[in-house]
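# Summary of structural features
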Amino acid sequence: MRFRPRSALLSVLCLLLTGVTAAAAVAKPQIWRVGNGVEPEDLDPQAVSGVGEQKVIMGLFEGLLTEDPHDLHPVPGVAEAWEVSADGLVYTFHLRANARWSDGTPLTAADFVASYQRMLTPKFAAEYSYLLWFVVGAEEFNAGRLTDFTQTGFKAVDARTLQVTLNHPTPYLLKIIASHIAWDVVPTRVIAKFGPLDRKQTGWTRAGNLVGNGPFVLKEWLPNQKIVLARNPNYWDAATVKLDGIEFYPTEDIATEERMFRTGQLDKTNELPVAKIDTYRKDYPDALHIEPWLGLYFYRCNVTRPPLTDKRVRQALALAIDRESLIKNVVRGDEQPAYAVSYPGTAGYTPTARLTGDLAKARQLLADAGYPGGRGCPAIELLYNTSQNHRAVAEAIQAMWRKNLGVEVSLVNQEWRVYLDTQHKTHDFQLERSGWIADYLDPHVFLEIWTTGNGNNDTLWSNAAYDRLGQSALAAKDDTERYALYQQMDAILVDECPVIPIYYYTRVYAMSPKVKGYWPTLLDNHPYKYIWLEN
Amino acid sequence: MSSRSGSTPSSSLNNSAAPSPAEPPERGHSLWSDAWHRLRQNRLAVAGGCLVAALALACAFAPGIFHLSYEENNLDLGAAPPSAQHWLGTDTLGRDLLARILYGGRISMMVGLVATFVALTIGVTYGAVAGYFGGKLDALMMRIVDIIYSLPFTIFVILLVVMLKDPMGKFDNWLAGYAFFANSRGVGKVLLLFAAIGAVEWLTMARIVRSQIMAIKKMEYIEAARSLGLGRARIIFRHMLPNALGPIVVYATLTIPSVMLLESFLSFLGLGVDAPMSSWGTLIKDGSEKMEEFWWLLVFPGLTFSLTLFSLNFLGDGLRDALDIRAAKD
Amino acid sequence: MLRFIARRFLEAIPVIFVIITMTFFMQRFVPGGPFTAEKSVPPEIQRNLDAYYHLNDPLWKQYTDYLWDLCPKAFHPGALRHGFDLKAAFGIDLRPSFKYANRTVNEIIADKLPVSLELGGLALGVALILGLTAGILAAIRKNSWLDYLCSSVSMTGLCVPTFVLGPLAVLAFAIHFHWFSASGWYTWQDRVLPALVLGIAYAAPIARLTRGGMLEVLSQDYIRTARAKGASETRVILRHALRGGLLPVVSFLGPASAGVLTGSFVIETIFQIPGLGREFVNSAFNRDYMLVLGTVTLYAVFIIFFNLAVDVLQVWLNPKLQFE
């Protein structure tokens, strides 16, 4: 990898100065420059919903718990200790004494309660507030049915003790708190200075205004150019923080981002174009990073549209995809082929059920359904949102189905939000390409969505046995019992095939070898305080 | 300034150059036949014309004759440089690039020529009428142009796709009932594509024609024609437009590449041809994203595209020269 | 002439009104809303969101509310000096953006328009210098090697789209020669590549139209008369031919300038430039209704202004025409 300075002039200057300032170079501030993919909509943890926003916010705010940099298990954040009642309903968090806001004022349990109240205020309209609905009264308050926030399960016992009471046991709650910004704390006292607490556009998140409690503070925000974070001296664990600053670049074009990496403008890209993977494998192997990511790429069936009403047709389609070839030749990012819905090895859970059978079985299933060799099979249309990668996958699978089953599938693309409208509202599709990325590390995330009435099911598939298993899992007393129920749910999904799993995602990006303290994680979260640059 | 075609002697030329209102209609024939004669003398124009015709024929018939398939893939082969088997190489899914360019040419040439023709017809008529009549009518027509310029095109196209999805589906099914169209799905979508492009591409043409007509209106011979009581349509189309032909031809040749590339943006919005069918615009767009790794994916579609445009431009320049009645007078 | 311009300004009011009205209603019939997300939210939360952004009001009420916010209600043009603040200056409130929750459309335009104006201005300069020179040279030396050279170069400019030329320029001058950064908008060096690439894209049509327009004029009787009277060739070209020959270019430049000065989506994306061009396209994709309306209105103002400028320029170029 060549890392050259910006211009020829500069490189000449550098050459002249290298000898003289070798010592000064060591003391160069540690600024990590990273491609962020998008321009953040806002930096208010309670007003945003996207991944690109979350990436920046994770440097600025910290919740009760935070993540271990290696495997993301919950570790102490603002709370230095916590206990859970025997019935799994009451969580008590003990906040550390030296927890402070970046302006130096102490951070108390009351701040958390006020934050959650703001998050759940109906008028404020937070998109991710449902991640707090496990708590007594939270959903009612959020929907406007309850107006007294003191009647909810959030309680500041004293300045350093926060108590949260749940509706029912939620074994994965700590993982959500550790991984998701929806449970972060916001400085309501500061926000109120800029406008009503229930307004989003008050400007409190601008550079100079924003007060946080994370390892970094907001130094500069140039919209569509860069966001600059600097070290927060008031952070309780400031001694661990190694970087002097982070610069996030809103790299909306991945080809541009890759070129920025090559000219040395970036230390890490957000993504890498598929065509570049082989080049990097060959030329810059130590800059290429491919790591598993907790997400599933799949085709969603609308089970009310013939011939997909017949589960044998769905099974045949699922079996007739050569996933290995697809990954090796089309997606190319060392993805893992998916033969079940749940991700193998999510927090200790691996589905045992899997799609099994060869092409002969697929053809037999199709013949049993009444379409031997694809004859007489009604026209099937596959919908995808416009993108070169989705198109390539669809074209390859279309050819596989034609060759292996004799089934003709036509491809239709729609612009992103039209496609989402089709998926969520009109359901006017037969097969639809989809992806699901987990928000937190628990098998629950891939299984809850297929229950009847879930807003993200969108297959119109409904199975009473599956729904019952889902209910029982919520009441399970420990993970062993819960995971056993999940095994049954995964088995139903593999048998019924309302969705055709294709592969599990990976993150593919380029990162300079000088970046250290950065480990592959399943959620693609990387606590920034452990990262440093080797000179 | 004597152009090569100017040396062609012709007895009828002097009359047509200074349009005498009394000229019999047959004179028009000799104008066109002389123009045709001059055009044939212009070697570049002839070469351009032949090349476009050859490309069009190749796109139309070669895939059928040589049994080329735009969708037959070979995933294990992947993107391979030109070889004896695949003359122009293969794309990342191992599909023959030559076949994809030829099939893509069908849609791109059709879009380029038909949509440009639509834009040309609307733009010239609209601009000529506004420029000739002037006054309140011109003001109204030009404000309408301002409005159409400003409306958000992306939203217009998405709306078009969504609103006309069902009617187009019905139209396709109806067409599929006829043997000739049995294998051509998505004809409705392509027609819609022309409509969408036609709706925006005529605007600048209209403004250019209008300004030319306004200038020509003040020329003596038009005043003369008017004082002799010739009909308006006759004055506009027989006496004014031929004199504005140069910029019209040039702008028409400028419109062709922009509509071909616009097609790839529209296919992003779900309008146009469906994958795995290709067009030159989408091939160039895809190739540009992989140009460092697989140069042939950009170079060959780009070359075909450029060759077509160059040819059309030479043909256009030749047409302009051939129809330039004044230059021919020298 | 002043009466003509004044009348056009008056005509602009209903034009803008029609544009806003049509845009307002058109975008509401497009599927997907500003909060349509991959992970759909529970209906209670959807209701909260709709209430927050007044999306559950009757459409006519949203429309009239928006129009009222848009009406100028003050007049302190001095305020324009401190950033381009339309609200402080004229009381025009383009509302907060739906997508960028903590920014108003006023602010987005004030931040980004100057960038686009700068880039567009530079590109227009490049385009005019290259395009006019090539076009005039090609026309006066018609069918010579110079003509073929100029025409071929401008044709090549037409055949190579900006999304190809931009990355090529970066690969050559930023990655290979290290003369410039691959992207950004910080120093003057960062201006060079985008301005050149965008300028070349517009130089090509200008060259073609100039050549076509000049050829049309050079064969006109009055040019022959001027030549016959013994005027020098330079004088003939500059005083007489250019005036008529530029008509098509000028007509083309009206809408083209409005487009290039309000930003280019492709160039701004390739070079990471914080200009307005990206907002035109992205606001439509994001269904950011208020940002769509704001940018469309701004573009309409540019289109109206430049088409007016073209009409004035045409009369200046051709004294026979009058303002009617």
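Residues numbered from 1 in each chain as written. Chains lettered and ligands numbered in written order. Predicted model: local features only at pLDDT ≥ 70, side-chain atom pairs only at ≥ 80, totals over all residues. Heavy atoms only, no water.

## Quick notes on the pattern of salt bridges
One pass over the full model with this rule turns up 57 salt bridges over all chains. Notably, a salt bridge pairs B:Glu292 with A:Lys276, separated by 2.9 Å at the nearest N-O pair. Within this pair, whereas B:Glu292 is found in the loop between α12 (280-288) and α13 (295-323), its partner A:Lys276 is found in helix α9 (residues 274-283), the two belonging to separate chains. Residue B:Glu292 is classed as partly exposed on the basis of its relative accessible area, which comes to 37%. With a relative accessible area of 7%, A:Lys276 lands in the buried category. (Salt bridge = Lys/Arg side-chain N within 4 Å of Asp/Glu carboxyl O. Helix = DSSP H or I, 4+ residues; strand = E, 2+ residues; numbered from the N terminus. Buried < 20%, exposed > 50% of the residue type's maximum accessible area, 1.4 Å probe, protein only.)

## Structural notes on the sheet that holds strand β7 (residues 161-165) of chain A
All names here are of chain A. Taken in spatial order, the 4 strands make up an open sheet running β4-β5-β7-β6, and their pairing is antiparallel. Each edge of the open sheet carries a strand with a single partner, namely β4 (79-84) and β6 (154-158). Taken pair by pair, the neighbouring strands of this sheet meet at an average axis angle of 20 degrees, ignoring direction. Strands in contact with helix α4 (residues 109-120) are β5 (90-95), β6 and β7; relative to β6, the strand with the most contacts, it is inclined by about 165 degrees. (Pairing = 2+ DSSP bridges. Axes fitted to C-alpha atoms, helices over the stretch in contact; angles between N-to-C directions. Contact = heavy atoms within 4.5 Å.)

## Description of the domain arrangement of chain A
Residues and elements named next belong to chain A. Looking at chain A, the domain boundaries give domain 1 (62-188) and domain 2 (293-507). Between domain 1 and domain 2, the residue contacts involve 12 residues of the former and 10 residues of the latter. Among the residues of domain 1 in contact with domain 2, Pro171, Tyr172 and Lys175 are the three that bury the most area, contributing 52% of the side total. Linking domain 1 to domain 2 there are 1 salt bridge. Measuring nitrogen to oxygen at the nearest pair gives 2.9 Å for the salt bridge that ties lysine 175 to aspartate 442. For the interface between domain 1 and domain 2, the tally reads 4 residue pairs in polar contact (both at pLDDT 80 or more). Classifying every residue of the side of domain 1 that touches domain 2 gives 7 nonpolar, 3 polar and 2 charged. (Domains from an automatic or database assignment. Buried area = accessible area lost by both parts, 1.4 Å probe. Polar contact = N/O pair within 3.5 Å; in protein donor to acceptor, adjacent residues only side chain to side chain. Nonpolar A, V, L, I, M, F, W, Y, C, P; charged D, E, K, R; others polar.)

## Some words on the interface of chain C and chain B
Facing the 62 residues of chain C at the interface are 63 residues of chain B. The shortest N-O distance in the salt bridge between C:Glu11 and B:Arg143 comes to 2.7 Å. Seen at the junction of chain C and chain B, the total is 10 residue pairs in polar contact (both at pLDDT 80 or more). No other element matches helix α14 (residues 289-317) of chain C, which puts 10 residues into the side of chain C that touches chain B.

## A look at α4(A)
Helix length check: α4(A), at 12 residues, gives a terminal C-alpha distance of 17 Å against a target of 16 Å (1.5 Å per residue), a fit within 8%. Counting buried positions over the 12 residues of α4(A) gives 9, a clear majority of the element. (Expected span 1.5 Å × (residues − 1).)

## Quick word on the environment of B:Ile248
Residue and element names in this part refer to chain B. Secondary-structure assignment places isoleucine 248 in helix α11 (residues 245-268). A relative accessible area of 7% means that isoleucine 248 is categorised as buried. Placed 43 residues apart in sequence, isoleucine 248 and methionine 205 show a C-alpha to C-alpha distance of 7.3 Å. Leave out the neighbours within four places in its chain, and isoleucine 248 touches Leu120, Val124, Met205, Val209 and Leu241.

## Regarding the interface of chain C and chain A
As a measure of interface size, the accessible area lost when the parts come together is often cited. Across the boundary between the two partners, chain C contributes 51 residues, which contact 60 residues of chain A. Between chain C and chain A the total buried area reaches about 5000 Å² when both faces are included, carbon and sulfur atoms providing 50% of it. Put simply, chain C and chain A have 5 salt bridges between them. With a closest N to O distance of 3.4 Å, A:Asp439 and C:Lys39 form a salt bridge. At the surface where chain C touches chain A, the tally comes to 28 residue pairs in polar contact (both at pLDDT 80 or more). Looking at the side of chain C that touches chain A, the elements with two or more residues in it are α2 (43-52), α5 (105-140), α7 (162-176), α12 (265-270) and α13 (277-286) of chain C. Classifying every residue of the side of chain C that touches chain A gives 26 nonpolar, 14 polar and 11 charged.

## As for the pairing of strand β10 (residues 245-249) of chain A
All names here are of chain A. For β10, the buried fraction is high: 5 of the 5 residues fall into the buried class. Residue alternation in β10 divides its side chains into two sets, Gly245, Glu247 and Tyr249 and Ile246 and Phe248, and both sets are buried. Sheet topology note: the strand β1 (residues 31-35)/β10 ladder contains 5 bridges and is parallel. Looking at β10, one finds that arginine 33 is bridged to glutamate 247.

## As for the side chain of A:Ser342
All names here are of chain A. Its location among the elements puts serine 342 in the loop between β12 (336-337) and α12 (359-368). For serine 342, a relative accessible area of 0% translates into the label buried. One polar contact links serine 342 to aspartate 490, side chain to side chain, over a distance of 2.8 Å. Ignoring sequence-local partners within four residues, the contact set of serine 342 consists of Tyr349, Pro351, Pro443, Phe446, Leu447, Asp490 and Tyr504.

## Focus on unusual backbone geometry
Here the residue pair A:Pro306 and A:Pro307 is connected by a cis peptide bond, since its omega of 5 degrees sits within 30 degrees of zero. By the element assignment, A:Pro307 lies in the loop between β11 (288-301) and α10 (311-319). Here the residue pair B:Ala275 and B:Pro276 is connected by a cis peptide bond, since its omega of 5 degrees sits within 30 degrees of zero. Along the chain, B:Pro276 falls in the loop between α11 and α12. Although it is not a glycine, A:Leu72 sits at a positive phi angle of roughly 65 degrees.

## Regarding the confidence of the model for chain B
All names here are of chain B. Confidence in the prediction for chain B averages 80 pLDDT; 85% of positions are at 70 or higher. Mean pLDDT across the elements of chain B ranges from a minimum in helix α1 (residues 13-17), with 37, to a maximum in helix α5 (residues 135-150), with 93. This stretch, residues 1-28, has a pLDDT under 50; its non-local contacts, to residues over four places away or in other chains, come to 42 contacts. In the predicted complex, the global pTM is 0.89; the interface-specific ipTM is 0.90. (pLDDT = per-residue confidence, 0-100.)

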